[in-house]
Structure formats: structure tokens, C-alpha cells
Number of protein chains: 2
Amino acid sequence: MALDWLKFFRTEPKNTANLAKERLKVVVAHQREGRGRGPEYLPKLREEILNVVRKYVDVPETAVNIQVQNEDGLEVLEMNIALPEQRRS
Amino acid sequence: MALDWLKFFRTEPKNTANLAKERLKVVVAHQREGRGRGPEYLPKLREEILNVVRKYVDVPETAVNIQVQNEDGLEVLEMNIALPEQRRS
């Protein structure tokens, strides 16, 4: 069963990227039991994913919100992007 | 304020990838108000992100769980990976 992402989107804190009518969210999360660091490649993997997103999504920096969370063996990179509204012809 | 991802991890359905001691989760989610398709680049963006992950994470196919969810203007690609336990010397 898939997670209820729709509900999760709706309970997000309100900021510009979260209020946009069209949004993209990319999350890279690593979790391990107990303390300890993630794999050595994790920072590079996250950077490459951010680069892929930037390559496709042409928005100003103000439309991008990046958050990093580190606690209890969990490292989360979360990227929220407010997309420009598409023309529907 | 960051989302409570830790709580979110803990409420996940139980399957192999979710039970591993060390896990990586990558989510690409697109949401737009009302009906309608995501941007045309979305499938390629998702594919490239999956390729980046596969480049870094060397695990058997059975350690990877990919789910796609489409509903109410929300398209989610979710990749859960059970990582091998690292040696800590």
C-alpha cells in the first residue's frame, strides 16, 4: 500500500513553495537504526539529484525551498519547488 | 519547520525494504490543484533520478521497492531501498 502522500502534502507548513498551485517535491531520506552516519556516497547522491532537478526545472531561486533534517539516525534532504503555471492551449 | 519524517518512516507499511536496518528512500512528488497532468519533463526527470540512485546504490533488485501513486492531481514516485549493513572498522 502506498503512503498517503496527498494527506501529507496538505498538512505541510505554509510557505511560498507549499502554497503554489503546482509544486514539485523531491525527498532523499536515509535512515539507520541507532546512531551512525549514512553511506559515504550520500552527499554526492543528494547533490546529483539536486542537479537533475535543476536541469529540468527552470525557476528562480526564490521558488525553491531546501530543508535538511538530521536526527536519531535519520538524514533527510527535502526540496520543495513552486512551479510556474503551465499554459494549457 | 521541517516535516516529521521520522514519524513518517515509522508508520510505513511493513515490507522487506521498510524493515531493513538501513534504508534509503527517494520520493519525487508532483502536485497541482485540480485535475491535469504534470509537466512534460516529469517522466524523464524521474527516470534520471532513479538512474542516479542506481549508480550509487549497489543492491539486488529484490532490495528495491518502487511505487507509483496517481490521484487527485498528485503523482508520486517512491523508491525504497534496503541497504546492506556497513562494516564499521
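What counts, and at which threshold
- Residues numbered from 1 in each chain as written.
- Chains lettered and ligands numbered in written order.
- Predicted model: local features only at pLDDT ≥ 70, side-chain atom pairs only at ≥ 80, totals over all residues.
- Heavy atoms only, no water.
- Helix = DSSP H or I, 4+ residues; strand = E, 2+ residues; numbered from the N terminus.
- Expected span 1.5 Å × (residues − 1).
- Buried < 20%, exposed > 50% of the residue type's maximum accessible area, 1.4 Å probe, protein only.
- Arc of directions from axis to C-beta.
- Contact = heavy atoms within 4.5 Å.
- Pairing = 2+ DSSP bridges.
- Axes fitted to C-alpha atoms, helices over the stretch in contact; angles between N-to-C directions.
- pLDDT = per-residue confidence, 0-100.

**Brief notes about helix α3 (residues 42–56) of chain A**
Across its 15 residues, α3(A) extends 22 Å between first and last C-alpha, which sits within 8% of the 21 Å expected from 1.5 Å per residue. Among the residues making up α3(A), those that are buried are A:Leu42, A:Leu45, A:Arg46, A:Ile49, A:Leu50, A:Val52, A:Val53 and A:Tyr56. Along α3(A), the residues classed as buried sweep out an arc of 155° about the axis, all on the same side. Set apart from the buried face of α3(A) by more than 90 degrees, the exposed residues are A:Pro43, A:Lys44 and A:Lys55. The inward-facing, buried residues of α3(A) contact β1 (22–32), β2 (64–71) and β3 (74–82) of chain A together with β1 (22–32) and α3 (42–56) of chain B.

**Here we look at the sheet that holds β2(A)**
Strand order across the open sheet formed by six strands is β2(A)-β3(A)-β1(A)-β1(B)-β3(B)-β2(B), with antiparallel pairing between neighbours. Here the strands that pair on one side only, and so sit at the sheet edges, are β2 of chain A together with β2 (64–71) of chain B. The average angle at which neighbouring strand axes cross in this sheet is 10°, direction not considered.

**A word on the confidence of the model for chain A**
Of all residues in chain A, 72% have pLDDT values of 70 or greater, and the mean over the chain is 80. Mean pLDDT across the secondary structure elements of chain A bottoms out at helix α2 (residues 16–19) of chain A, with 60, and peaks at α3(A), with 92.

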